[in-house]
Amino acid sequence: MAKVFISYAHKDEEFKNSLIEHMSSLKRSGLIKEWNDRKIEAGKNWKNEISDNLQSATIILFLISASFLDSDYCIEIEAKTALEMHSEGRALLIPIVIRPIYWEHSEFYKLQALPKDAKAVATWDNEDEAWLDVIQGLNRSITNFKPVTIMNKIINSDIDNEIGP
């Protein structure tokens, strides 16, 4: 089961909620477990909760919008960590363009985005079709992604089996 961390600007909460709703089939099938900052319980240290859940994620979703790029916390804290995890192969970072935005100068623009052609979800004639495209892309990516930590376990297991007891 992949742990999915959703990073978004609170102004885009409606899009985050739509994404979660459309991911229900992936959750029910046991393919993913989703986490976002609205799951932080009262009295918890929110920075620690976000950091811990980001560090333990294997799939990281950025909901790209002007509000996201304007958020110091999203860019300076979450994006830096996520890009490092992505480059190390510990997690897969997937941008999801939700509102039209000029983001070509961001560090994560080079990553393949969803939906197809990075066409913002809000601009589709039928938003459900946009989310369907996103979920199909996520399903493919989640199914094919093997984090470095899992690959290391497989390699070490193979080595142990060759060496024997």
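Look above for the structure.
Small disclaimer: the values here were computed from a predicted structure and weren't measured.

S.K.: Now, about unusual backbone geometry: what can you tell me, with residues and values included?
M.R.: Across the junction of Leu-114 and Pro-115, the peptide omega takes the value -10°, indicating a cis bond. With respect to the helices and strands, Pro-115 occurs in the loop between strand S4 (92-97) and helix H6 (127-144). With a phi close to 60°, Asp-117 is a non-glycine residue in the positive phi region. Among the secondary structure elements, Asp-117 is positioned in the loop between S4 and H6. When its relative accessible area of 73% is taken as the criterion, Asp-117 is described as exposed. Within the chain, Ala-118 stands out as a residue other than glycine whose phi angle is a positive 55°. Its location among the elements puts Ala-118 in the loop between S4 and H6.

S.K.: Which residues make up the pairing of strand S3 (residues 59-64), and what values go with them?
M.R.: Of all six residues making up S3, six are buried, and the element is well covered by its neighbours. The pairing of strand S1 (residues 2-7) with S3 spans four bridges and is classified as parallel. Paired with Val-4 across the strands is Ile-59, a residue of S3. The pairing of S3 with S4 spans six bridges and is classified as parallel. Note that in S4 the partner of Phe-62 across the bridge is Pro-95.

S.K.: Lay out the packing of helix H1 (residues 13-22) against H6 with the relevant residues and their values.
M.R.: H6 packs onto H1 with a crossing angle of 60° between their chain directions and a minimal axis gap of 10 Å. As summarised for this structure, H1 and H6 are arranged oblique, according to the angle between their axes. Here H1 and H6 pass one another in a crossing that is right-handed. Packed against H1, whose contacting residues are Phe-15, Ser-18, Leu-19 and His-22, the element H6 presents Glu-127, Asp-128, Trp-131, Val-134, Ile-135 and Leu-138 at the interface.

Conventions we followed
Residues numbered from 1 in each chain as written. Predicted model: local features only at pLDDT ≥ 70, side-chain atom pairs only at ≥ 80, totals over all residues. Heavy atoms only, no water. Helix = DSSP H or I, 4+ residues; strand = E, 2+ residues; numbered from the N terminus. Buried < 20%, exposed > 50% of the residue type's maximum accessible area, 1.4 Å probe, protein only. Pairing = 2+ DSSP bridges. Axes fitted to C-alpha atoms, helices over the stretch in contact; angles between N-to-C directions. Parallel < 35°, antiparallel > 145°, perpendicular 65-115°, else oblique. Left-handed = near helix turned anticlockwise from the far one by under 90°. Contact = heavy atoms within 4.5 Å.

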